[in-house]
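Per-entry structural report
What follows is each chain in one-letter form.
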Amino acid sequence: DAGVTQSPTHLIKTRGQQVTLRCSPKSGHDTVSWYQQALGQGPQFIFQYYEEEERQRGNFPDRFSGHQFPNYSSELNVNALLLGDSALYLCATRTGTIVGYTFGSGTRLTVV
Amino acid sequence: KQEVTQIPAALSVPEGENLVLNCSFTDSAIYNLQWFRQDPGKGLTSLLLIQSSQREQTSGRLNASLDKSSGRSTLYIAASQPGDSATYLCAATSSNTGKLIFGQGTTLQVKP
């Protein structure tokens, strides 16, 4: 049973560019959340998707947007990249019948 | 607003010691408390989840407790091993579908 799959694993982008990160949830999971983890910090909640709609949003600017597809997979888009966007981006999934989240291995984004 | 704090930030112990990691939260209206392990540059692995109606959970050498009235959770690791070296994160959820609020983590080093 595949767990949560994120792609790519590593990415280097230049300031001002746009990036798209992808997440495939664990089988049976329908809710996807995205987190940003800066070096040495705990993860910070970006937003959560359920039934293809953004349900909750953390304190992140509109440059951060997302999408959930009918197969429950999700994308995180970041526009106009800043150096401060360099971080590990984690995807966490769950289903309404199971308490607790399963995390992917993350995408390491470096903005230069 | 829920805030989660973990003390200490770093801990180094000799192999075989029993140890306790601490997690405190400000809002006692907690839905559940989850402990995670994170190896360097990797994603999060769920260790234990304690629901609000529970006092503790155990898995192998790990035991986690939850005291909502005092706003505290502890993770007890028995007979520590070098393979336990990692960062341990606790995260609180304040509602059934809510976001995870993370502490900054405790980085544990177990020396052979």
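The structure we're discussing is the one just above.
Keep in mind the model is a prediction, meaning the values are calculated, not measured.

Further remarks concern the layout of surface pockets. Which parts of space are left empty comes out when a probe the size of a water molecule is rolled across the atoms. Counted as a void, the largest pocket has a volume near 400 Å³. Taken together, 18 residues form the lining of the largest pocket, with Gln44 and Phe45 of chain A together with Lys1, Lys99 and Ile101 of chain B sitting closest to its centre. Secondary structure elements with two or more residues in the lining of the largest pocket: strand E5 (44-50) of chain A together with strand E10 (100-102) of chain B. In terms of residues, the lining of the largest pocket owes the most to one element, E10 of chain B, which gives 3 residues. Its residues assigned to classes, the lining of the largest pocket shows 7 nonpolar, 8 polar and 3 charged. As a volume, the second largest pocket reaches approximately 310 Å³. Along the walls of the second largest pocket sit 17 residues, with Gln37, Leu39 and Gly40 of chain A together with Gln38 and Thr87 of chain B positioned nearest its centre. In terms of residues, the lining of the second largest pocket owes the most to one element, strand E9 (residues 86-93) of chain B, which gives 3 residues. Looking at the lining of the second largest pocket residue by residue, the classes come out as 6 nonpolar, 8 polar and 3 charged.

Turning our attention to the state of the cysteines. Residue and element names in this part refer to chain B. What the rule picks out here adds up to 2 disulfides over all chains. Each sulfur in the disulfide pair Cys23 and Cys90 lies 2.0 Å from the other. Handedness of the Cys23-Cys90 disulfide follows from its S-S torsion of about 80°: it is right-handed. Linking Cys23 in strand E3 (residues 19-25) with Cys90 in strand E9, this pair joins segments that are 67 residues apart in sequence.

Inspection of every chain in the model, using the stated rule, returns 8 aromatic pairs over all chains. Measuring from ring centre to ring centre gives 5.3 Å for Phe47 of chain A and Tyr49 of chain A, while their planes differ by 85°; the resulting arrangement is edge-to-face. For the pair shown, Phe47 of chain A and Tyr49 of chain A are each scored as buried. Members of the aromatic cluster, joined through ring pairs, are Tyr35, Phe45 and Phe103 of chain A together with Phe36 and Phe102 of chain B. Over the ring of Tyr101 of chain A we find Arg94 of chain A; its NZ or CZ atom is 5.6 Å from the centre of that ring.

Procedures and definitions
- Residues numbered from 1 in each chain as written.
- Chains lettered and ligands numbered in written order.
- Predicted model: local features only at pLDDT ≥ 70, side-chain atom pairs only at ≥ 80, totals over all residues.
- Heavy atoms only, no water.
- 1 Å grid on protein atoms, 1.4 Å probe; cavity = no way out; pocket = protein on both sides within 12 Å on 5 of 7 lines; lining within 4 Å.
- Points joined across faces, edges and corners; volume = space filled by probe spheres on them.
- Helix = DSSP H or I, 4+ residues; strand = E, 2+ residues; numbered from the N terminus.
- Nonpolar A, V, L, I, M, F, W, Y, C, P; charged D, E, K, R; others polar.
- Disulfide = S-S within 2.5 Å.
- Phe/Tyr/Trp six-rings, centres within 6.5 Å; stacked < 30°, edge-to-face > 60°.
- Buried < 20%, exposed > 50% of the residue type's maximum accessible area, 1.4 Å probe, protein only.
- Lys NZ or Arg CZ within 6 Å of the ring centre and 35° of its normal.

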